[in-house]
Amino acid sequence: GTGTATWVYDFSEGNKDQKDLLGGKGANLAEMTNLGLPVPPGFTITTDACRYYLEHGSTPPDLGDQVTEHLTALEKAMGKTLGDPSDPLLVSVRSGAAASMPGMMETVLNVGLNDESVRGLATQSGSERFAWDSYRRLIQMFGKTVLDLDGELFEHALDEAKQEQGTESDLDLDAGHLEDVVGRFKAIVREQCGRDFPQDPREQLDLAINAVFDSWNSGRAILYRRRERIPCDAGTAVNVVAMVFGNLGMDSGTGVAFTRDPGSGEQGVYGDYLQNAQGEDVVAGIRNTVPLPELERIDEGAYRELLSIMSTLESHYRDLCDIEFTVERNKLWMLQTRVGKRTAGAAFRIATQLVDEGLIDMDEAVRRVTGDQLAQLMFPRFVSGGDATQLTQGMNASPGAAVGKAVFSSETAVQWADRGEEVVLVRRETNPDDLSGMIAAEGVLTSRGGKTSHAAVVARGMGKTCVCGAEELQVDTKNRRFTAPGGTVVEEGDVISIDGSTGAVWLGEVPVEAPAVVRYFEGEIDPDSAEADDLVRSVHRILTHADEVRRLDVRTNADTPEDTARARRFGARGIGLCRTEHMFLGDRRQLVEKLILAEDDEGKQAALDALAPLQRQDFLEIFEAMDGLPVTVRLLDPPLHEFLPDLTDLSVRVAVAEAQGHPDEANLRLLAAVRRLHEQNPMLGLRGVRLGLVVQGLFAMQVRAIAEAACERKRAGGDPRPEIMIPLVGAVQELEAIREESEQVLAAVFQECGVELDVLIGTMIEVPRAALTAAEIASSAEFFSFGTNDLTQMTWGFSRDDVEAAFFHAYLDKGIFGVSPFESLDRPGVGRLVEVAVQEGRSARPELKLGVCGEHGGDPDSVHFFHEVGLDYVSCSPFRVPVARLEAGRAAL
Ligand code: PEP
Ligand code: MG
């Protein structure tokens, strides 16, 4: 080749900050190599090479030469040649993207073995059995991963061999049996592919590298990335590493370690170890592991060295690290480390522990936790007792309380969840093919595997409740049931409850309660008292610091006194959106009907007069609950027919009455009104400011109720801060007309009451035209509040009530967007309109107050965007308020 790009780096050439280029695994192997830790030598092929491959369908022309160069250096370092018949160097070919995607992509071990070198390996290792077992593993992995064969073919062949020997354990197969298995595996390859298993070690290597590149686009990897919002074009790096063997005998083994408990954050020795086993055996949960501290008894030297490396890594990374290691004949080797995934609770605890240990400061502690993690800590918990019977106790792999119908396959989980059922996925163990079922389920229960099994690792990563290793359960996926100790049989569809914090499994539905973090937010737990546990104290410290550093204010969307009071306890500094439509529902519907049916002005006024005192009382209580802080009241927004009966229902009622010979006069009039108000496109019809301009007196009544309530509060010694917000404005003229009317009403009320109050009048920006003419609109508005729900609806032309159920599934599948624009703000489109409106609005009126009150106000990503474009506040539902406080703090750092 003639290219000048560098596609391959030796481990000694990289460092931990080069994740984008070398992938997480490669960057950290490089970092450990440079720390002088015992890492088997190797090299990393960059994500650039993968992107090239994915784009061109072939590797860069000069990649082969660069691999040769590094392979030669590796051979020199090891004193062996790849696949040498007498003493072969073997390598593993491992995927490793910038973002961790556990188990989603491929790995091939033992590359370099063939019909000749297997004999060299036998001589060098002193174990024929080991050599043949390694060879059969290579053909099996290579067949499945590189040649795309059905893995079951190999499993069946292996099972057959075991049956012939009358055993169920691999360990009972001797060298001769395994040599025979190799023969069967090679026959499978020949039959299925029409070619022999490649004997040329270099060809094996090149094919394995391409297969790892290809695995970037496997179905499960795509699904995982979409869920975790990992960019689909990042590509994976490939690590080629000299093999070390954990399966050379009982003085060898493989394990996983955490420098702290990823479930609780506690310091200590956590992990699992499996003697005489290779790589993936531990994660796959195939055989049962022993707790890591037992390694001390098994191999004290390796154990001591591991502990010392763990402490080196933790202080070097200043964070919890997880580690994969292998012991080959009493010699410890580090195969991987990374800053480890952890539960939400552990994330908070660890962050403040590290502050107390002097490793990080409070700014960094705030960066180390996320709003999503905080939201997880606010999920309800099981209340002990109740009617449910405990079936068994498994391992508490990922906290939370999940209740649902037991299902035994991923397909069923997805199907049932799609039709709205809550399900718990029950499996012996999960594998990467179960990802879609795990996503669909409320929780995951397995009977095998430890806290580092696939189920546990993936569930923790996605914040899903998981109980694993419930070994007393006999899971029979074929007959879709499991049997608990004592003989209780749980069939598909029976409701079970699983507690990911304790590992308990219950038959039936266990009631839930608010967790300690919520009780702290509610003011029920004093963070400085003995009642507060570590977690509450950590959350308190981190949120207090986030509040100190954030620039964005956080308000709430609330329209009842109870929600208002709760949001205030949760830290809201005002109401950003008080929707008034709920105040027209229930018993008051009749008054709205009267308003709509009134035939003259008198009748209309009478209906409005009846509504006014009720509205005043609503506002009074809300102003009291938010005393001293702004309360933005939005005048009525939805189309009026929403307060009337459904057209079809009413038509049927009228028709039935007529058929029975008792025509119902009142219903007939109502039906006429419903017909009159019926709209083909109500969300684009008579609503928002348009109602205020068309239904005489409606907005004036609301403004009067606001003003009178404020005066009453003021006279009672309160400090009401009402703001009046006009919805769905598209033109400044609409706003001017309502403003004029409102100002007159305010002046009249203040005069009647002898009270003076400053009341801001502003508008929502939720119609694209309002954003584009924001300078004009600002001339009549003292504040803007972005209604990003409607703004998204109108910018995309997506009906917010229909599209998510109708076709977003397909859009997400096709990658048109990675996340619904109703959930996380679409920066380039809707966000662009927000930016334009911010600039135009502020240029016309520098003191213009700017906020957002669409659902995006409580979405972590969107909060960062609103910080960046310079809004003054975000407003969200009460339970999102702490999340928004935290994310606003993180955005400011
Ligand atoms: C919005 O459109 O973003 C908004 C907050 O108003 P609503 O959801 O009530 O239409
Ligand atoms: Mg709206």
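Residues numbered from 1 in each chain as written. Chains lettered and ligands numbered in written order. Predicted model: local features only at pLDDT ≥ 70, side-chain atom pairs only at ≥ 80, totals over all residues. Heavy atoms only, no water.

When you look at the overall build of the chain in this model, what are you seeing that I'm missing?
A tally of regular secondary structure across the chain gives 36 helices and 33 strands. If one aligns the C-alpha atoms of the chain with their principal axes, the spans along those axes are about 105 × 65 × 60 Å. Per-residue burial over the chain gives 55% buried out of 893 residues. Excluding contacts between residues fewer than 6 apart, the proportion of contacts in the chain whose partners are at least 24 apart in sequence is 68%. (Helix = DSSP H or I, 4+ residues; strand = E, 2+ residues; numbered from the N terminus. Buried < 20%, exposed > 50% of the residue type's maximum accessible area, 1.4 Å probe, protein only. Contact = heavy atoms within 4.5 Å.)

Sorry, what's going on with the site of ligand 1 here?
Ligand 1 sits among 13 residues. The nearest are Arg579, Arg634, Gly787, Asn789 and Arg800. Between an oxygen atom of ligand 1 and a side-chain N or O atom of arginine 634, the distance comes to 2.9 Å. Measuring from an oxygen atom of ligand 1, one finds a backbone N or O atom of threonine 788 at 3.0 Å. For ligand 1, the accessible surface in isolation is 290 Å², of which the surrounding protein chains cover 96%. Residue assignment for the shell around ligand 1 shows that the elements contributing at least two residues are strand E27 (575-579) and helix H31 (788-796). It is H31 that provides the largest number of residues to the shell around ligand 1, a total of three residues. (Near = heavy atom within 4 Å. Polar contact = N/O pair within 3.5 Å; in protein donor to acceptor, adjacent residues only side chain to side chain. Areas by Shrake-Rupley, 256 points an atom, 1.4 Å probe, with all protein chains shown as cover.)

What exactly am I supposed to notice about the pairing of strand E17 (residues 423-427) here?
On a regular strand, one side chain projects to one face of the sheet and the next to the other, so that they alternate. Counting buried positions along E17 yields five of five residues, so the element is predominantly enclosed. Bridge analysis of strand E16 (residues 401-407) against E17 gives three bridges, and the strand direction is parallel. Bridging from a neighbouring strand, alanine 406 pairs with valine 424 of E17. Once the chain exits E16 it traverses helix H16 (residues 410-418) before rejoining the sheet at E17, and the crossover so formed is right-handed. With four bridges connecting them, E17 and strand E18 (residues 443-446) associate as parallel partners. Directly across from leucine 425, in E18, lies its bridge partner valine 444. (Pairing = 2+ DSSP bridges. Right-handed = clockwise from strand over helix to strand, strands pointing away.)

Is there a simple way to think about the domain arrangement of the chain in this case?
Each assigned domain of the chain is listed here: domain 1 (8-242), domain 2 (253-342), domain 3 (379-513), domain 4 (550-639 + 690-892) and domain 5 (644-678). When each unit is reduced to the centre of its C-alpha atoms, the spacing between domain 3 and domain 5 is 50 Å. (Domains from an automatic or database assignment.)

Hey, could you run me through the packing of helix H4 (residues 117-125) against helix H5 (residues 128-145) in this one?
A packed helix pair is summarised by two numbers, namely the angle formed by the two axes and the spacing between the axes. At a minimum axis separation of 7 Å, H4 and H5 run at an interaxial angle of 140°. Our classification of the angle between H4 and H5 gives oblique. Of the two elements, H4 crosses H5, and the hand of that crossing is right-handed. Along the contact surface, H4 presents Val118, Arg119, Leu121, Ala122 and Ser125, while H5 presents Glu128, Phe130, Ala131, Trp132, Ser134 and Tyr135. Counted by class, the contact of H4 with H5 contains seven nonpolar, two polar and two charged residues. (Axes fitted to C-alpha atoms, helices over the stretch in contact; angles between N-to-C directions. Parallel < 35°, antiparallel > 145°, perpendicular 65-115°, else oblique. Left-handed = near helix turned anticlockwise from the far one by under 90°. Nonpolar A, V, L, I, M, F, W, Y, C, P; charged D, E, K, R; others polar.)

What am I meant to see in unusual backbone geometry here?
Negative phi is the rule for most residues except glycine; trans is the rule for most peptide bonds. For arginine 318, which is not a glycine, the phi torsion comes out positive at approximately 50°. The residue arginine 318 is located in the loop between helix H12 (300-317) and strand E11 (321-328) in this model. For arginine 318, a relative accessible area of 35% corresponds to the partly exposed category. Unlike most non-glycine residues, asparagine 330 shows phi in positive territory, near 70°. Tracing the backbone through its elements, the reader meets asparagine 330 in the loop between E11 and strand E12 (331-339).

I would appreciate a short explanation of the packing of aromatic side chains in the present structure.
In this description, a pair of aromatic rings is defined by centroid distance and the angle of the planes. Scanning the entire structure with this criterion turns up 27 aromatic pairs. Both rings, one in phenylalanine 619 and one in phenylalanine 623, keep their centres 6.3 Å apart while their planes meet at 25°; by these two values the pair is stacked. Of this pair, phenylalanine 619 and phenylalanine 623 both sit in helix H23 (residues 601-625), separated by four residues, roughly a single helical turn. Geometrically, the ring pair formed by phenylalanine 798 and phenylalanine 817 is edge-to-face, given 6.3 Å between the ring centres and 85° between the ring planes. On the criterion of sequence distance, the pair formed by phenylalanine 798 in the loop between H31 and helix H32 (803-806) and phenylalanine 817 in the loop between helix H33 (808-813) and helix H34 (827-844) is long-range, its members being 19 residues apart. (Phe/Tyr/Trp six-rings, centres within 6.5 Å; stacked < 30°, edge-to-face > 60°.)

I'm lost on the nonpolar core in this one. Help?
Side chains that are nonpolar tend, in soluble globular proteins, to be buried together. Core analysis: the biggest nonpolar cluster contains 128 residues, and Val539, Leu698 and Phe786 have the highest contact counts within it. No other element matches helix H27 (residues 698-715), which puts 11 residues into this core. Sequence-distant contacts of leucine 698, defined by excluding residues within four places in its chain, comprise Phe584, Leu595, Leu608, Leu636 and Leu691. (Core = buried A, V, L, I, M, F, W, Y, C linked by side-chain atoms within 4.5 Å.)

Even after reading the chapter, I still don't get the sheet that holds strand E31 (residues 783-786), so can you show me in this structure?
For sheets, the rule is that strands pair by backbone hydrogen bonds, running either parallel or antiparallel. One closed barrel holds the eight strands; their spatial order is E26-E27-E28-E29-E30-E31-E32-E33, and the pairing between them is parallel. Going from strand to strand, the sheet's axes swing by 30° on average, the running direction of each strand aside. Relative to E27, strand E26 (residues 553-557) runs parallel, the two being bridged by two bridges. Directly across from threonine 556, in E27, lies its bridge partner isoleucine 575.

Looking at this model, I keep getting lost on a negative patch on the surface. Mind explaining?
Negative charge collects at one region of the surface, where Glu524, Asp526, Asp528 and Glu531 lie side by side. Examined against the element boundaries, aspartate 528 turns out to sit in the loop between helix H19 (516-521) and helix H20 (534-549). (Patch = residues over 30% accessible without salt bridge, like charges linked within 9 Å, V, L, I, M, F, W, Y side chains within 5 Å. Salt bridge = Lys/Arg side-chain N within 4 Å of Asp/Glu carboxyl O. Lys, Arg positive; Asp, Glu negative; His and termini not counted. Charge placed at Lys NZ, Arg CZ, Asp CG, Glu CD.)

How should the coordination of the magnesium ion (ligand 2) be read in this particular structure?
Ideal geometry at a metal centre: 109.5 degrees between donors when four sit tetrahedrally, and 90 or 180 degrees when six sit octahedrally. Bound to the magnesium ion (ligand 2) are the protein donor atoms Glu766 (OE) and Asp790 (OD), situated 2.0 to 2.1 Å from the metal. Here aspartate 790 lies in helix H31 and glutamate 766 lies in the loop between strand E30 (760-765) and helix H29 (768-772), a separation of 24 residues in the sequence. Here glutamate 766 and aspartate 790 have matching classes, each one buried. (Donors = N, O, S within 2.8 Å, 3.2 Å for Na, K, Ca; no water.)

What is the right way to read helix H35 (residues 860-868) from this model?
Think of an α-helix as turning once every 3.6 residues; residues three or four places apart then point the same way. When H35 is considered as a whole, its buried residues turn out to be Pro860, Ser862, Val863, Phe865, Phe866 and His867. For H35, the secondary structure elements touched by its buried residues are helix H15 (371-377), H31, H34, strand E32 (849-852), strand E33 (873-876) and helix H36 (881-892). Of the residues trailing H35, glycine 870 is marked for its positive phi of about 90°.

Please clarify how the sheet that holds E11 should be interpreted in this entry.
Strand order in this open sheet of five strands is E10-E9-E8-E11-E12, and the pairing throughout is antiparallel. Each end of this open sheet is capped by a strand with a single partner; those strands are strand E10 (290-291) and E12. Where E11 and E12 come together, eight bridges link them in antiparallel fashion. If you follow phenylalanine 325 over to E12, its bridge partner there is methionine 334.

Is there a simple way to think about the pairing of E18 in this case?
Residue alternation in E18 divides its side chains into two sets, Gly443 and Leu445 and Val444 and Thr446, and both sets are buried. After leaving E17, the chain enters helix H17 (residues 435-440) and then returns to the sheet as E18, a path that is right-handed. Direction of pairing for E18 relative to strand E19 (residues 465-468): parallel, over a ladder of three bridges. From the neighbouring strand, glycine 443 faces E19, where its bridge partner is threonine 465.

Looking at this model, I keep getting lost on the side chain of glutamine 702. Mind explaining?
Considering the arrangement of structural elements, one finds glutamine 702 in helix H27. A polar atom in the side chain of glutamine 702 sits 3.1 Å from the side chain of glutamine 615. When residues no more than four places from it in sequence are discounted, the contact partners of glutamine 702 are Thr580, Phe584, Gln615, Phe619, Leu635 and Leu636.

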